[in-house]
Amino acid sequence: MTTAPWRDPALPAAARVEDLLSRMTLEEKTAQLYGVWVGAATDGEARAEGVAPHQHDMTADYDWSELITHGLGQLTRSFGTAPVDPVLGAQALARAQRRIAEAGRFGIPAVAHEECLAGFTAWQATAYPVPLAWGATFDPPLIEEMARRIGRDLRSVGVHQGLAPVLDVVRDPRWGRVEETIGEDPYLTGTIGTAYVRGLESAGVVATLKHFAGYASSAGARNLAPVRAGVRELADVTLPPFEMALREGGARSVMAAYNETDGVPASADPGLLTELLRTVWGFTGTVVADYFGIGFLETLHRVAGSAGQAAHAALAAGIDVELPTVKCYGKPLVEAVRAGEVPESLVDRAARRVLLQKCELGLLDEDWTPEPTGSRIDLDSPANRALARRVAEESVVLLDNPDGILPLPADARVAVIGPRAADALAMLGCYSFPSHVLTHHPEVPMGVEIPTLLESLRAELPDAKVTFAEGCGVSAPDTSGFAEAVARASEADVCLAVLGDRAGLFGRGTSGEGCDVTDLRLPGAQGELLDALVATGVPVVLVLLTGRPYALGRWQGSLAAAVQAFFPGEEGGPAVAGVLSGRVNPSGRLPVSVPREPGGQPWTYLQPPLGLAGEVSNLDPTPLYAFGHGRSYTSFAWEDFRGTATQITTDGTHDLSFTVRNTGELAGAEVVQLYLHDPVASVTRPDVRLIGYQRVELGAGEARRVTFRFHADLSSFTDRAGRRVVEPGVLELRLAACSADVRHSARLELSGAVRALGPDRRLLCETEVSAPV
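Scope of this entry: the structure provided in the associated data block.

Another aspect to go through is the side chain of Glu 513. Note that Glu 513 resides in the loop between strand E13 (494-500) and helix H21 (526-534). Relative accessible area serves as the criterion here: at 2%, Glu 513 is assigned to the buried category. Polar side-chain contacts of Glu 513 include one of 3.3 Å to the side chain of Arg 177. Polar side-chain contacts of Glu 513 include one of 2.7 Å to the side chain of Tyr 431.

A word on helix H8 (residues 140-156). One full turn of an α-helix is made of 3.6 residues, so residues set three or four places apart face in the same direction. The end-to-end C-alpha separation of H8 is 24 Å, in line with the 24 Å expected for 17 residues at 1.5 Å each. Buried within H8 are the following residues: Pro 140, Leu 142, Ile 143, Met 146, Ala 147, Ile 150, Gly 151, Asp 153, Leu 154 and Ser 156. Those residues of H8 that are buried lie in contact with strand E3 (111-115), helix H7 (131-137), helix H9 (186-202), helix H17 (382-395) and strand E20 (689-698).

Right, let's talk about the nonpolar core for a bit. Core analysis: the biggest nonpolar cluster contains 202 residues, and Tyr 196, Phe 212 and Tyr 329 have the highest contact counts within it. The leading source of residues in this core is helix H16 (residues 344-360), at seven residues. Those residues in contact with Phe 212 that lie beyond four places of it in its chain are Leu 239, Phe 242, Val 254, Met 255, Ala 256, Ala 257, Ala 266, Leu 272, Leu 273, Leu 276, Leu 277 and Trp 281. Ranked by size, the runner-up nonpolar core spans 37 residues in total, among them Leu 406, Val 414, Ala 421 and Ile 450.

On to the sheet that holds strand E11 (residues 413-417), then. With mixed pairing, six strands are arranged side by side in an open sheet as E10-E15-E14-E13-E11-E12. In the strand order of this sheet, the two ends are held by strand E10 (397-400) and strand E12 (465-469), each with one partner. Within the sheet, the average angular offset between the axes of one strand and its neighbour, ignoring direction, is 20°. Both E13 and strand E14 (residues 540-546) contribute to a ladder of six bridges, which runs parallel. The residue of E14 that forms the bridge with Gly 500 is Leu 545. Here helix H22 (residues 572-581) sits on the sheet and contacts E13, E14 and strand E15 (561-566); the angle it forms with E14, its principal contact strand, is near 155°.

Considering all chains together, one arrives at 16 aromatic pairs under this definition. Site record: aromatic cluster; members linked through ring pairs are Phe 138, Tyr 187, Tyr 605, Phe 627, Tyr 675 and Tyr 693. Here the guanidinium or amino end of Lys 210 rests over the ring plane of Tyr 431, the centre of that ring lying 5.6 Å away. The ring of Trp 638 carries Arg 743 above its face, with NZ or CZ at 5.0 Å from the centroid.

With that out of the way, let us pick up the pattern of salt bridges. Taken as a whole and judged by the stated rule, the model has 51 salt bridges. Residue Asp 320 pairs with Arg 278 through a salt bridge whose shortest N-O separation is 3.0 Å. Of this pair, Asp 320 sits in the loop between helix H14 (307-317) and helix H15 (331-338) while Arg 278 sits in helix H12 (residues 270-280); the two residues are 42 residues apart in sequence, bridging distant segments of the chain. Take Asp 320 and Arg 278: they sit in the same class, and that class is buried. Between Arg 709 and Glu 768 there is a salt bridge; the shortest N-O distance is 3.1 Å. Of this pair, Arg 709 sits in strand E21 (residues 703-711) while Glu 768 sits in strand E27 (residues 766-769), placing them 59 residues apart in sequence. Taking relative accessible area as the criterion, Arg 709 reaches 26% and is therefore assigned partly exposed. Each of Asp 139, Glu 145, Arg 390, Glu 394, Arg 695 and Glu 697 takes part in salt bridges that share partners, so that together they form one network.

This part takes up the sheet that holds strand E6 (residues 253-256). An order of E1-E2-E3-E4-E5-E6-E9 is seen for the seven strands of this open sheet, with the pairing classed as parallel. Strands with a single pairing partner mark the edges of an open sheet, and in this sheet they are strand E1 (35-36) and strand E9 (286-289). Of the strand pairs in this sheet, strand E2 (residues 74-76) and E3 are connected by three bridges, and their pairing is parallel. Residue pairing in the sheet places Leu 75 in a bridge with Ala 112 of E3. Contacts from H9 reach strand E4 (161-163) and strand E5 (206-212), with the element oriented near 145° to E5. Across the face of the sheet, helix H11 (residues 240-247) comes into contact with E5 and E6 while running at roughly 165° to E5.

Quick notes on the rules
Residues numbered from 1 in each chain as written. Predicted model: local features only at pLDDT ≥ 70, side-chain atom pairs only at ≥ 80, totals over all residues. Heavy atoms only, no water. Helix = DSSP H or I, 4+ residues; strand = E, 2+ residues; numbered from the N terminus. Buried < 20%, exposed > 50% of the residue type's maximum accessible area, 1.4 Å probe, protein only. Polar contact = N/O pair within 3.5 Å; in protein donor to acceptor, adjacent residues only side chain to side chain. Expected span 1.5 Å × (residues − 1). Contact = heavy atoms within 4.5 Å. Core = buried A, V, L, I, M, F, W, Y, C linked by side-chain atoms within 4.5 Å. Pairing = 2+ DSSP bridges. Axes fitted to C-alpha atoms, helices over the stretch in contact; angles between N-to-C directions. Phe/Tyr/Trp six-rings, centres within 6.5 Å; stacked < 30°, edge-to-face > 60°. Lys NZ or Arg CZ within 6 Å of the ring centre and 35° of its normal. Salt bridge = Lys/Arg side-chain N within 4 Å of Asp/Glu carboxyl O.

Here is the structure:
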């Protein structure tokens, strides 16, 4: 028996794919360019239960048996649409894959993809902290380890591709999807996101970067609203995390964003999806559409007059795969090609990329089998839970503790008050399975154990007298529960006000996709509840479980302490309780600024001089707690600061080193941060921006030497001509505990000519840490 060249694993992948393409009909090639969402409803019920925008009117009818005779590109969310037992789900997916392979002439299975933003979005799978909490850890190796575990769980049930991470940089914290981001800084977002990509890819899962690009810069913080960012904001804030995750992380897929920028939808922008992504950055993987994004070119953006025209625009721009289900790349595309309206070469280009990726995944091999290999399926193993606990513990931020009321005494009388204290869903973001899907299936159990903060605190402090009152709901204005809450607080030594968000979709929550807000007041009556608790005179510790930062200036000076946790996952209750008890020494740092006032947005710390407080406006945007801020139960000294030079060339390096010493009695972690201040440039620059950081673990009395190796490329920016350049002149490098707390600084002069940079520029600041002494 002769094996066809495309089946021969000894041949180069490109040669195999070219042979296969030459044998395929137009219908077979286009079939590789779309997914099918078997679990998506097309009836009226989808209006209430949709998990994607416009799902109710964008899901097309099709005959599954007929459709797969031509093959199939992707299977959409077999596990993430309804509660499915993981073992039974893996068996059902394998059966579907075998049926797809048997139905087509070439026996090619589909790529199965799932969401994995805060863990595998599946029933009984570990619910990890949300990406904003990843950013708060400032710990890339930890996030890489978490992503590797997520990837192994995906592979264990037959999934090939994960739709994560989100690399959008926060530009307006009123946006509902802030919880899905890593923070407001492109360097933090890029480094943490790259770590996640490495972990997922190391498990053999295709990581998909989203949303490319500009999505988080929407006008008015409204989901899918137009983006009016300038070319320099896009080049210097929006794009660097994607470039880093591709070059340093090796991501094999990119998702085109929903938004339009200056009138051009991302899904129809060849300058973005082909020229920049492929020609300049050298990306060779697949570009997938965000759900229904190609159809939106016709229905929402109105840059296409038909589904066929939308398919043409998306294909020409560089989108290879239509997700989540067939709409434009099926019959409308075939008809447009046959009518001569769409060059078949565009279909071939996209099919070639899809088949090359399938070849990499082993899906073209003769010995392919749909049954996943490996150990017993357990999507919430003890090891997973231990790792989820560690990520949660590292992500909790101690905002303030002025009088040292924390840690709590073991025998304290504690009143726990607030709508987030006794609800397991308070720990979870909108893309966790319980929040994303299970709310539509109230008869189904949670699937994983999620201790509430109230339960966790009682377990953490068994000798304490802990009472509870809800006080109010999350978003309702009802204050009828205030009296009981005040009574419980008045009887206690300390009151924990546990406030925050409820994650949801499209207005069904206070945080999450489509849950945008007009300002940054605490939701519902929670602010008034906090006022009432403070008025009792009992020390109040504010504990926030949220998906975004909220304005806290109203209570400045009146709180005994404040703790911030960003949806810390299934082990978030024990993690936060551990911080409150002192079992965990807090080490999280803010990945987003905490504002003083609820209005005056948008604002992030990346501001040029006129974006800062000044005499020209009565509005002061200075945050209450700055980007990178976080306190500890121990203390640190930054000693013996040294620099290697005061002048380097525009392609030179400069070392900064100093010793961090734990001067307290408890083990802890300090997060040292390196910022750049550029006093004079040819375009306005942020007053400061992060260019390096290092988390340093220290036992009591221990010290470590930290060295940052600054390269001139890290000072680059986009000039007036649109070039990325390093300019000669004076810079200031600032070693800081946060963007507003500088400990040491060095003046550095760059000499030589302006230097234009290419795609091989240095993206990372190298860091060395000595052994503890």
